[in-house]
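# Examining the three-dimensional arrangement
Listed here are the chains, written in short residue letters.
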Amino acid sequence: MEMFQAFGFAHTVMEQGYWVNEATFWKADPADPARLVRAGRVQDVEDGLSEMPHVILNQARVHDMFLQVMRHSPNRLHPDYGLTLQTLSVDETGDHPVTATLLTADGSERRVRARFLVGCDGARSAVRRAIGRELRGDSANQAWGVMDVLCETDFPDIRMKSILKSDRGSVLIIPREGGYLTRIYIEMDRLGEGERVAERAITLDHLVSAAQRVFAPYRLEVREVAWWSVYEIGQRLTDKFDDVPAGSNRLPRVFIAGDACHTHSPKAGQGMNVSMGDGFNLGWKLAAVLRGRADPVILHSYSAERQGVAQDLIDFDRRWAAIMSARDEGAASGDTPLFQRSFVENGRYTAGMQVSYQPGVLTGLATHQALAPGFPVGERFHSAPVVRLADARPMQLGHAVTADGRWRLFAFAPAEDPAEPDTAIRRLCGFLADDPGSPLRFNRPDDDPDAQIDLRAVFQQGFREVDLRALPPLLLPEVGALGLVDHEKAFCADPAQDIFDLRAIDRTTGALVIVRPDQHVAHVLPLDATDELAAFFAGFLI
């Protein structure tokens, strides 16, 4: 959802989607195993984890929203359909070293030359095969079914995210948008070693019967099936997400993302989320390189960062799949079942809030983390409420980070009067605006001051106590063809939910939080650490 906010359609997802507010857990009644009892219920997402709700929405709708963003972009982008990759080669000579031969729907061939190619072509990726990568992993030898149904039932939690486990099997209920549709995951047969799920010839009737056995004694009547499938649990991963051979430092030219480089079971709801994270991570880097804004060396960081995220996902999915397929060890007692404990313990992970990038060219060391412990270096920027100074509008600070390829500097001011002539914020602005070592020196002659690096200041005082016109010029930049003043660079703490308290920001010295274009915290620095600030950006901006 935070990513959708950056692309401008989070509000649409919130309006259309199903909001997951609580999760419930059902097991066999220890006194009468033929009955199901609710073992517990928990708030789905812990308080303060995000300003966004946990929302479920059909993947095709999300896809359409991204397509709309493309259509409305300055370049009016749109995808070409009906093309099949035939051949792919890379020749390091020339400006466009990648050559792809595409087969069209009418059987003709198209030859395309490009600087880079990204394969988002699924688990059977032709791009992956062309660069010699292979999905490696194993199978849990367990078949599961999934169906989207319109059903009639007396099960009381059919509109709650619910897990049902007993000796009769396991079911996961995911309510869908619209108020009626329900997705049901059903544990099916154990598979033999090397056996494929297709060999079992499992039908829709098998899925419905298996679900009804788990729901019993509650009634489940399936009125209509919108979609169904059967799959076997497996976790597979490629060793790298680009075409750079082991031991080589050459520039990556071909990349793979999403299911092309990692596959797993769908029950944790992470497939689309992690795949979109792949695209967001790679997209801004490619854009920066293609626009001549960043050294191509940053492209090496895509595989390094996202392969680690995918490995964590595979490890989590393996544990979660085993728990879902295990027998209910708490059924014969009043103990909290393992599947309920695991759900609570892994809440931050399944919410996508534990993705953390290791130090590298785009992520600094956590040397000064104590200045702002609530913004861990490498993790997603954790938004908090503020009040915009110019118009007294309460808002989320993180919503200033839009998907426009720019870096953000959030300068949290120490406890000083912003109108004074020698404040930490004023000295920082002076360095950025006038010093030859400033990272703003990478701007081009016709650029706005915030074309690459967008500075925002947050003050501890209330919005009525800060004089907007007394701020440094860099916080009131003249932008655009008409040179209009941008009045929206300064914020004040919201007294009801003070960001300095929520994120434990040092009130005496303040802090400078550097945020990457993909919303991850790249660095936390003292406000006067201008040498470190300059050195960080000098490592990749050109």
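Here the structure is shown first, and the text comes after it.
Attention in this report is confined to the structure presented alongside it. Here the structure is a predicted model, which is why all the values come from computation and not from measurement. (Residues numbered from 1 in each chain as written. Predicted model: local features only at pLDDT ≥ 70, side-chain atom pairs only at ≥ 80, totals over all residues. Heavy atoms only, no water.)

### A look at the overall build of the chain
To be explicit about the condition: Starting at the N terminus, helices and strands are each numbered in turn, a helix being any DSSP run of H or I of at least four residues and a strand any DSSP run of E of at least two. Restricting the calculation to C-alpha atoms gives the radius of gyration, and the globule rule supplies 2.2 Å times the number of residues raised to the power 0.38. Exposed residues in this analysis have more than 50% of their type's maximum accessible area, buried residues have under 20%, and partly exposed residues fall in between, with area computed by a 1.4 Å probe over protein chains only. Throughout, a residue-residue contact means that at least one pair of heavy atoms, one from each residue, lies within 4.5 Å.
When its secondary structure is counted, the chain shows twelve helices and 24 strands. A globule of 542 residues ought to have a C-alpha radius of gyration of about 24 Å, and the chain, at 26 Å, matches this closely. With the C-alpha coordinates of the chain rotated into their principal frame, the extents come out at 75 × 60 × 40 Å. Counting across all 542 residues of the chain, residues that qualify as buried make up 52%. Nonlocal contacts in the chain, meaning residues at least 24 apart in sequence, comprise 69% of its contacts between residues at least 6 apart.

### Comments concerning the sheet that holds strand S6 (residues 98–103)
Keep this limit in mind: Paired strands, as defined in this entry, are two strands with at least two bridges between them according to DSSP. Helix axes are fitted to C-alpha atoms over the stretch in contact, other axes to C-alpha atoms as well, and angles between N-to-C directions run from 0 to 180 degrees.
Across the sheet, three strands lie side by side as S5-S6-S7; this open sheet has antiparallel pairing. At either margin of the open sheet sits one strand with a lone partner, and together these are strand S5 (84–90) and strand S7 (109–114). Shown here is a sheet whose adjacent strand axes are inclined to one another by a mean of 20°, direction ignored. With six bridges connecting them, S6 and S7 associate as antiparallel partners. Note that in S7 the partner of Val98 across the bridge is Ala114.

### Some details on the sheet that holds strand S18 (residues 407–412)
Reading across from one edge, S17-S16-S22-S19-S18-S23-S24 is the order of the seven strands in this open sheet, with mixed pairing throughout. Each edge of the open sheet is held by one strand with a lone partner, namely strand S17 (393–396) and strand S24 (521–525). In this sheet, adjacent strand axes meet at a mean angle of 30° when their direction is disregarded. Sheet topology places strand S19 (residues 453–459) next to strand S22 (residues 490–493); three bridges connect them, and they run parallel. Bridge assignment links Ala457 to a residue of S22, and that residue is Ala490. Where helix H10 (residues 424–434) meets the sheet, it contacts S18, S19 and strand S23 (511–515), and its direction lies at approximately 170° from that of S19.

### Considering the pattern of salt bridges
Here is the rule we go by: Note on definitions: salt bridges are taken to be side-chain nitrogens of Lys or Arg within 4 Å of carboxyl oxygens of Asp or Glu.
Scanning the entire structure with this criterion turns up 36 salt bridges. Close ionic contact of Arg136 with Glu134 constitutes a salt bridge, the shortest N to O distance being 3.4 Å. A salt bridge links Lys489 to Asp450; its shortest N-O distance comes to 2.7 Å. In this pair, Lys489 sits in the loop between strand S21 (484–485) and S22 while Asp450 sits in the loop between H10 and S19, placing the two residues 39 residues apart along the sequence. We note that Lys489, like Asp450, is buried. What emerges from the salt-bridge pattern is a single network uniting Asp404, Arg406, Arg408, Asp450, Asp454, Arg456, Asp486 and Lys489.

### Describing the packing of aromatic side chains
Basically, it comes down to this: Stacked, edge-to-face and tilted are the three classes for Phe, Tyr and Trp ring pairs, Trp counted by its six-membered ring, which pair at centre distances within 6.5 Å; planes under 30 degrees apart are stacked, over 60 edge-to-face, the rest tilted.
Under the counting rule described, the total for this entry stands at 23 aromatic pairs. Ring centres of Phe375 and Phe381 lie 4.6 Å apart, and the angle between their planes is 0°; on these two criteria the pair is classed as stacked. Relative to Phe537, the ring of Trp407 has its centre 5.4 Å away and its plane inclined at 80°; by these criteria the two rings are edge-to-face. Remark: Phe537 occurs in helix H12 (residues 530–538) and Trp407 occurs in strand S18; sequence separation between them is 130 residues.

### Topic: the nonpolar core
Definition in use: Residues grouped as a nonpolar core are buried Ala, Val, Leu, Ile, Met, Phe, Trp, Tyr and Cys residues, joined through side-chain atoms within 4.5 Å.
Among the nonpolar cores identified, the biggest contains 66 residues, and Trp407, Phe459, Leu533 and Phe537 are the most heavily contacted of them. The dominant element in this core, judged by the number of residues it contributes, is H10, at six residues. Non-local contacts of Phe537, meaning those with residues more than four positions away in its chain, are made with Trp407, Leu409, Pro439, Phe442, Ile453 and Ile514. Counting 26 residues, the second-largest nonpolar core is a separate cluster that includes Tyr18, Phe25, Ile233 and Phe343.

### So, unusual backbone geometry
In this chain, Ala216 is followed by Pro217 through a cis amide linkage whose omega measures 10°. In this structure, Pro217 sits in the loop between helix H5 (204–215) and strand S13 (220–237). Although it is not a glycine, Ala201 adopts a positive phi angle of roughly 50°. Checked against the element boundaries, Ala201 lands in the loop between strand S12 (181–190) and H5. We note that Gln519 has phi near 80°; this positive angle belongs to a residue other than glycine. For Gln519, a relative accessible area of 7% gives the class buried.

### Examining the environment of Ala390
For Ala390, the position within the fold is in the loop between strand S16 (385–388) and S17. Distance in space between the C-alpha atoms of Ala390 and Ala433 is 22 Å, their sequence separation being 43 residues. Contact partners of Ala390, with chain neighbours within four places excluded, come to Leu468 and His487.

### Some thoughts on the side chain of Asp29
Our working definition: Polar contact is defined as a pair of N or O atoms within 3.5 Å, subject to the rule that within protein one atom must be able to donate a hydrogen and the other to accept it, and that residues adjacent in sequence are counted only when both atoms are side-chain atoms.
Its place among the elements puts Asp29 in strand S2 (residues 22–29). A distance of 3.0 Å separates the side chain of Asp29 from the backbone nitrogen of Ala31, its partner in a polar contact.

### Comments concerning a negative patch on the surface
Inclusion rule: Exposure above 30% relative accessible area and no salt bridge define the residues that can form patches, which grow by joining like charges within 9 Å and nonpolar side chains of Val, Leu, Ile, Met, Phe, Trp and Tyr within 5 Å. Per-residue accessibility takes into account occlusion by the displayed protein chains alone, with areas from the Shrake-Rupley method and a 1.4 Å probe. Under the counting rule used here, the positive set is Lys and Arg, the negative set is Asp and Glu, and His together with the chain ends is not counted. A single reference atom marks each charge: NZ on Lys, CZ on Arg, CG on Asp, CD on Glu.
A cluster of acidic side chains, namely Asp434, Asp435, Asp531 and Glu532, defines a negative patch on the protein surface. Assignment of secondary structure puts Asp531 in helix H12.

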